[in-house]
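So you can see what is in the structure, the chains are spelled out below.
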Amino acid sequence: MLRINEENLRDEIKSARNWREKHLQHWRSMKERFAGLAYRSDTNYDAAHDIENIIGQYVSLVLPRMAYDVPRIHVTADDPDNNKRAAALELGMNQWAKRSALRPTLQQLATDMTMCWGVGLVTPEPVKHLRRIDMGGAGLMPRVYRIAPEKFFIDPAAETAREARYLGHEYSMDLDDLLVQAESDKAFDLDVVRDLKASYERQKEEYARGAISMPDRNEVTIIEMWVPELEVEGAKDGVHHGGLVRLAEDSEGSARLVGEPQPYYGPACGPYTVFGAYSVPSDVYPLGPMTMAMPLIEETNDHAKTMSYSAAAYRRLVMVDSRGTKMAQDVASTPDMFVVPAENMDRDRVVPLEIGGVTQQQMAYQNIMSARLDRLTGMSEVIRGSVSGDATATEVSTASASSGLRLGYIQRQFADAVNSVMYKCAWYIINDDTEIPLGPKAASFGLPARAKGSEMGIDLAEMTLDVQAYSMERTSEALQQRRAVELMQIVGNVGQQIAAMPFINWERLMAIVGDALNVPDMGDILNVEEMKKAIEQAQQAQQTKIQEQEAQAASQQAAARSRMQTGPADAAQELRNQERSARGRGGF
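Procedures and definitions
Residues numbered from 1 in each chain as written. Predicted model: local features only at pLDDT ≥ 70, side-chain atom pairs only at ≥ 80, totals over all residues. Heavy atoms only, no water. Pairing = 2+ DSSP bridges. Helix = DSSP H or I, 4+ residues; strand = E, 2+ residues; numbered from the N terminus. Axes fitted to C-alpha atoms, helices over the stretch in contact; angles between N-to-C directions. Buried < 20%, exposed > 50% of the residue type's maximum accessible area, 1.4 Å probe, protein only. Contact = heavy atoms within 4.5 Å. Phe/Tyr/Trp six-rings, centres within 6.5 Å; stacked < 30°, edge-to-face > 60°. Expected span 1.5 Å × (residues − 1). Salt bridge = Lys/Arg side-chain N within 4 Å of Asp/Glu carboxyl O. Core = buried A, V, L, I, M, F, W, Y, C linked by side-chain atoms within 4.5 Å. Parallel < 35°, antiparallel > 145°, perpendicular 65-115°, else oblique. Left-handed = near helix turned anticlockwise from the far one by under 90°. Nonpolar A, V, L, I, M, F, W, Y, C, P; charged D, E, K, R; others polar.

With respect to the sheet that holds strand β3 (residues 143–147)
Consideration 1: With respect to topology, three strands assemble into an open sheet ordered β3-β2-β10, the strand pairing being antiparallel. The sheet terminates laterally at β3 and β10 (272–275), the two strands that pair on one side only. Pairwise comparison of adjacent strand axes, ignoring direction, gives a mean angle of 25° for this sheet.
Consideration 2: Here strand β2 (residues 118–123) runs beside β3; their pairing, made up of five bridges, is antiparallel. Along β3, the bridge assignment pairs Leu121 with Tyr145.

And the structure:
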């Protein structure tokens, strides 16, 4: 059990901060390189600026493929009897995702992830000190906040975030606000809070406020830690998991406990979600694509700057005989495309001369550096949309597939992290009494327009939440139209073949085809069982009609045979009897 006392917690926080700073060595320079020299006048990451903004290029290309739109959540139930509950949760989650300002937060997390790592914090309701201005349409439903990488820390002895003994973050808070909160909340130690002295936050000064001239805001640094193994008195099974420890750091730089540990109300996986592209063996912090490429980025720009200096030093001169003064003046003063008459012209008396400029060796090595960078990041010319006529169709297709594979993996990593965030939000929704909107589609499932999550009777252990990765990606209109046409064709073809080939597992086939077309819920669109019933009913109706037609034809044939057997005389007598009967009924 982790020792919960001020001295031990100070040592743990110090160790975690030091380990974090070792991983954030290039974090500030990466942000400045991403923004460029024109963003802020005091940018000084390099006296000789970068020629190639490689980080900006990568983020602008990858970000629309990761967090272009609000994620679409699909919920399936293990038991078909719970399909209505699954539909209610899916409708509520999708409505919440649109109303809670989730898209800007995911874009920030995706940007952090491309550089180093991102951290998302899920809370059961809005928290003012994390976001002052919030969307009003989401009410008191859960919120997702972005924690800056320099504000997050984790157990340095852990190899992965799932093995960490604690995770935490820090933020600034007005001392007056903390005093007001401590007076109304028994979880705080009011005497300790009153003894705190406001300080100017050193970490924020180093990363964000280094060039901001601003007054002291009378703030203190609050440090919150989630300890999964901590057992707190009063915790309820299934509702509380681990404990929360809160400390405050004042002007003296010493962290103090401002209250007793409190049970953590939330899912067992905790409030934090770490967004990372690649994992490093035996290291708890993920590796971002731009962090991995940073040495190559610096070297590529060093050579680009050398080429820029060479190009700036290029001179084209004209050497003339020092005895030909008039000729020298004519060469210097005559505009372009003018004819200059000269007596006794000697071509050796006028010699053009070039000094400096970019050499072939420099251009060749710069191409080598660009190729290395492309191989590492997958940011080829094909992905950039710049394809020259030199490459063959096979080469373009191969390069596109290779780059698409790398970007697809990063997309999948981001979608998995978003899925973890959605699970935590769903946990709060179904365990809270706040009403959530279900949207206009609720009526088609026999559900109300709004419902309390705690009254839905949903158990997340019996549900599967899946964030559709491609729902967050920017897709072209042509691709969307092509997918829609293909879907209609498949539905029409499959509908005719289900009854003819009952030996095929159509549910499994629809799942495979849906994954290939990026329509994971195709199995729901095409209800195989209902289609089989409809086809069987149509076949039965057709068979019944055929039987009636056959019976009618048999009856007509029997009547014809009967007339042939009676002969002409009997037929004439029968016709006379019919005429008499008609006259008796008033006929002609």
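Quick notes on the pairing of β2
Consideration 1: With six of six residues buried, β2 lies mostly within the body of the structure.
Consideration 2: Along β2, one buried face is formed by Gly118, Gly120 and Val122 and the opposite face, lined by Val119, Leu121 and Thr123, is buried too.

Observations concerning the environment of Ala88
Consideration 1: As for its placement among the helices and strands, Ala88 is situated in helix α4 (residues 83–99).
Consideration 2: Beyond its immediate stretch of four places on either side in the chain, Ala88 contacts Leu438, Leu447 and Met456.

With respect to the packing of aromatic side chains
Consideration 1: Summed over the entire model, instances satisfying the criterion amount to nine aromatic pairs.
Consideration 2: With centroids separated by 5.5 Å and ring planes inclined at 45°, the aromatic side chains of Phe275 and Phe414 adopt a geometry described as tilted. Of this pair, Phe275 sits in strand β10 while Phe414 sits in helix α14 (residues 393–430); the two residues are 139 residues apart in sequence, bridging distant segments of the chain.
Consideration 3: On the basis of relative accessible area, Phe275 is assigned to the buried category, the value being 0%.

Observations regarding helix α5 (residues 102–115)
Consideration 1: A rise of 1.5 Å per residue sets the reference length of α5, with its 14 residues, at 20 Å; its end C-alpha atoms lie 20 Å apart and thus fit the reference within 8%.
Consideration 2: Across the 14 residues that make up α5, a large majority, ten, are buried.
Consideration 3: Residues of α5 that are buried: Leu102, Thr105, Leu106, Leu109, Ala110, Thr111, Asp112, Met113, Thr114 and Met115.

Structural notes on the pattern of salt bridges
Close approach of charged atoms lets side chains of opposite charge pair.
Consideration 1: Enumeration according to the criterion identifies 14 salt bridges in this entry.
Consideration 2: Residue Glu170 is joined to Arg17 by a salt bridge in which the shortest nitrogen-to-oxygen separation is 3.0 Å. Of this pair, Glu170 sits in strand β5 (residues 167–174) while Arg17 sits in helix α1 (residues 6–23), and the two are 153 residues apart along the sequence.
Consideration 3: The buried category is assigned to Arg17, whose relative accessible area is 11%.
Consideration 4: Across the salt bridge formed by Arg412 and Asp416, the nearest N and O atoms sit 3.1 Å from each other. Residue Arg412 and its partner Asp416 are both found in helix α14; the two are separated by four residues, about one turn of the helix.
Consideration 5: One network of salt bridges, with partners in common, ties together Arg17, Arg20, Glu21, Glu170 and Glu249.

A look at the nonpolar core
Consideration 1: By size, the foremost hydrophobic cluster in this structure holds 97 residues, and its most contacted members are Trp96 and Phe414.
Consideration 2: Here Phe414 is in contact with Met66, Ala67, Leu106, Leu109, Ala110, Met113, Phe275 and Met472, once residues within four sequence places are set aside.
Consideration 3: In terms of nonpolar packing, the next biggest core, distinct from the first, is built from 13 residues, Tyr171, Val193, Leu196 and Val258 among them.

Side note on the packing of helix α3 (residues 54–66) against α5
Consideration 1: At a minimum axis separation of 10 Å, α3 and α5 run at an interaxial angle of 135°. Taken together, the axis directions place α3 and α5 in an arrangement best described as oblique. By crossing handedness, the relation of α3 to α5 is classed as right-handed. Every residue of α5 that contacts α3 at Ile55, Tyr58, Val59, Val62, Leu63 and Met66 is listed here: Gln107, Ala110, Thr111, Met113, Thr114 and Met115.
Consideration 2: For the contact of α3 with α5, a count of residues per class yields nine nonpolar, three polar and no charged.

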